[in-house]
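Chain by chain, the residues:
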Amino acid sequence: MRKNNSATLDDVAKLAKVSRATVSRVINTPEKVSPEICERTLAAIAKLRYTPNFSARALTTGTPLTIGLVFFEDIRTLFANPFWGEILNPVYENLAKRNLSCNLIAHGSFAKNENIDELYGQFIAQGRADGYIFFGRYPEEIEKRFGLAHLPIVIFGKPYSNNSEFSFVDTDNITGASSAVAYLASRGRKRIATITGPVDGGAGFDRFLGYKNGLVEVGMKFDPSLVAYGEWTRESGIEAMKKLLKDNKDIDGIFIASDLMAVGALEVLADHKIKVPKDIAIVANDNSELAVMSSPTLTSVKQPCEEIGSELVVAVLKAIEGVSHQARILGTEIIERESA
């Protein structure tokens, strides 16, 4: 069961040296409170890890539960990568089926601002959501802050900490990546490189680990010169592909950790008159719309987006009820197209 936060509205009022009614106004209508008092109250909320009970409010007023979809990047990143649409659309559909409302919160500022406590206080006070689903890369410090508050939170992807209270839904990125390597090897590829995502955690780390596991499984040795590190963007795919071509002349296969990076890599290969898949075969990851739109079309590791969306909504509703430590790891499959 999820622990209750011991801090109360009265505790916040006492620390901030304001009335209980003022704390309530800061939470519900901050525009009606002076900036100085609002800042002081938010600081108290953050220090005490106070969590407003929006679920109780929803039950009292009869209003539908609201789920906050928190994207820890700026809004441009959300729309630049079609994969996020593949994930978010089934989440919206599953919320709608249950007559639940949602707020899309693009909070890239968390990753860039050093004043985490202030942002945390503002988020808690102004989020007005009964539960949250986290998407994208967030600082490890955020997990600690929100974990201490015991909020009903579910993560798409694995938490940083093995002891995290957060529920999560993820795909088996390790097996997906190793199967991509095996697929390339089965087509006679002898020098298989990779373009990774960020390897400081999450899908980037797991796909890199899966790549290395896959090499072992097919009897190949790991060679650091066959690794180029990307950032999930088309631009990073371009730079990573340039590096691989500069450092290695005999690559004949590449596992690229996202479709978007693979699109950038294809541009570089076309510029160098390198034919795909004749000269270099490619297996990408995500199976987004980009995989079908690219030229050649991309063989790609498919994530079960519809099932992910459904599981995230089920998990966040359980978290609101107080059920924690729920985890689902979903399988992947390779969708064959022209690039391998």
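Predicted, not measured: the structure shown is a model, and the values here were computed from it.

Got a minute to help me understand the environment of Lys 243 in this structure?
Locating Lys 243 in the fold gives a position in helix H12 (residues 234-247). Of the residues examined, Lys 243 reaches a relative accessible area of 37% and is grouped as partly exposed. Beyond its immediate stretch of four places on either side in the chain, Lys 243 contacts Val 227 and Ala 228.

How should I be thinking about the nonpolar core in this particular structure?
In a soluble, globular protein the nonpolar side chains are often hidden away together inside. Counting residues in hydrophobic clusters, the biggest one holds 40 residues, and the most contacted among them are Ile 195, Tyr 211, Met 241, Ile 254, Ile 256 and Ile 282. Broken down by secondary-structure element, the contributors of at least two residues to this core are helix H10 (173-186), strand S6 (192-196), helix H11 (202-217), strand S7 (227-229), H12, strand S8 (253-256), helix H13 (259-271) and strand S9 (281-286). Of all the elements, H13 adds the most residues to this core, at six residues. If we ignore the near neighbours within four places in the chain, the residues touching Ile 256 are Ile 195, Met 261, Ala 262, Ala 265, Ile 282, Val 283, Ala 284 and Asn 285.

Any chance you could explain the sheet that holds strand S12 (residues 333-335) here in plain terms?
Each strand in a sheet pairs with another by means of backbone hydrogen bonds, the pair being arranged parallel or else antiparallel. Taken in spatial order, the six strands line up as S7-S6-S8-S9-S10-S12 in an open sheet, and their pairing is mixed. One side of each edge strand has no neighbouring strand; the edge strands of this open sheet are S7 and S12. Averaged over all adjacent pairs, the angle separating strand axes in this sheet is 20°, with direction ignored.

How should I be thinking about the pairing of strand S10 (residues 299-302) in this particular structure?
Regular strands have side chains that alternate between both faces of the sheet. Of the strand pairs in this sheet, S9 and S10 are connected by four bridges, and their pairing is parallel. What sits directly across from Asn 285, in S10, is Val 301.

Help me out: how do you make sense of H13 in this one?
What sets the pattern is the α-helix's 3.6 residues per turn: residues three or four places apart point alike. An ideal rise of 1.5 Å per residue puts 18 Å on 13 residues; H13 measures up with 19 Å between its terminal C-alpha atoms. Among all positions of H13, only Asp 259, Leu 260, Met 261, Ala 262, Val 263, Gly 264, Ala 265, Leu 266, Val 268 and Leu 269 are buried. Phi turns positive, to about 60°, at Lys 273, one or two residues after H13.

Is there a simple way to think about the sheet that holds strand S5 (residues 167-171) in this case?
Spatially, S2-S1-S3-S4-S5-S11 is the arrangement adopted by the six strands of the open sheet, whose pairing is parallel. Since the sheet does not close on itself, it has two edges, and those belong to strand S2 (101-106) and strand S11 (327-330), each with one partner. The mean inter-strand angle of the sheet, taken between neighbouring strand axes irrespective of direction, is 15°. Against the sheet, helix H6 (residues 82-97) touches strand S1 (66-71), S2, strand S3 (131-135) and strand S4 (153-156), its axis set at about 175° to S1. Across the face of the sheet, helix H15 (residues 305-321) comes into contact with S1, S3, S4, S5 and S11 while running at roughly 160° to S4.

I would appreciate a short explanation of the packing of helix H1 (residues 9-16) against helix H3 (residues 35-48) in the present structure.
When two helices pack together, their arrangement is given by the angle between their axes and by how far apart the axes lie. In contact at an axis separation of 9 Å, H1 and H3 are set at 125° when each is read in the N-to-C sense. Between H1 and H3, the angle falls in the class oblique. Judged by the twist between their axes, the crossing of H1 over H3 is right-handed. Contact with H1, carried on its side by Asp 11, Val 12, Leu 15 and Ala 16, involves Arg 40, Thr 41, Ala 44, Ile 45, Lys 47 and Leu 48 of H3 and no other residues of that element. Counted by class, the contact of H1 with H3 contains six nonpolar, one polar and three charged residues.

How should I be thinking about the pattern of salt bridges in this particular structure?
Between side chains of opposite charge, pairing is possible as soon as their charged atoms come close. Scanning all chains against the criterion turns up 13 salt bridges. The partner of Glu 36 in a salt bridge is Arg 40, and the shortest N-O contact between them spans 2.5 Å. Pair noted here: Glu 36 and Arg 40 are both in helix H3, with a separation of four residues, about one helical turn. Taking relative accessible area as the criterion, Glu 36 reaches 47% and is therefore assigned partly exposed. Linking Lys 242 and Glu 239 is a salt bridge whose minimum nitrogen-to-oxygen distance equals 3.8 Å. Of this pair, Lys 242 and Glu 239 are both found in helix H12, three residues apart, which corresponds to roughly one turn of the helix.

Would you explain unusual backbone geometry in this entry?
Only a minority of non-glycine residues have a phi that is not negative, and only a minority of peptide bonds are not trans. Of the consecutive residues Val 276 and Pro 277, the connecting peptide bond is found in the cis state with omega at 10°. Along the chain, Pro 277 turns up in the loop between H13 and S9. Looking along the chain, the bond that leaves Ser 295 and enters Pro 296 is cis, with omega of -5°. Among the secondary structure elements, Pro 296 is positioned in the loop between helix H14 (289-293) and S10.

It is not clear to me how the packing of H6 against H15 should be interpreted in this structure. Could you clarify?
Axis separation between H6 and H15 bottoms out at 8 Å; the angle between their running directions is 50°. Comparing their axes, H15 and H6 come out oblique. Where H6 crosses over H15, the two elements pack in a sense that is right-handed. Contacts between H6 and H15 involve Phe 83, Glu 86, Ile 87, Pro 90, Val 91, Glu 93, Asn 94 and Leu 95 from the former and Cys 305, Glu 306, Ile 308, Gly 309, Ser 310, Leu 312 and Val 313 from the latter. Across the contact of H6 with H15, the residue classes break down as nine nonpolar, three polar and three charged.

Conventions used here
- Residues numbered from 1 in each chain as written.
- Predicted model: local features only at pLDDT ≥ 70, side-chain atom pairs only at ≥ 80, totals over all residues.
- Heavy atoms only, no water.
- Helix = DSSP H or I, 4+ residues; strand = E, 2+ residues; numbered from the N terminus.
- Buried < 20%, exposed > 50% of the residue type's maximum accessible area, 1.4 Å probe, protein only.
- Contact = heavy atoms within 4.5 Å.
- Core = buried A, V, L, I, M, F, W, Y, C linked by side-chain atoms within 4.5 Å.
- Pairing = 2+ DSSP bridges.
- Axes fitted to C-alpha atoms, helices over the stretch in contact; angles between N-to-C directions.
- Expected span 1.5 Å × (residues − 1).
- Parallel < 35°, antiparallel > 145°, perpendicular 65-115°, else oblique.
- Left-handed = near helix turned anticlockwise from the far one by under 90°.
- Nonpolar A, V, L, I, M, F, W, Y, C, P; charged D, E, K, R; others polar.
- Salt bridge = Lys/Arg side-chain N within 4 Å of Asp/Glu carboxyl O.

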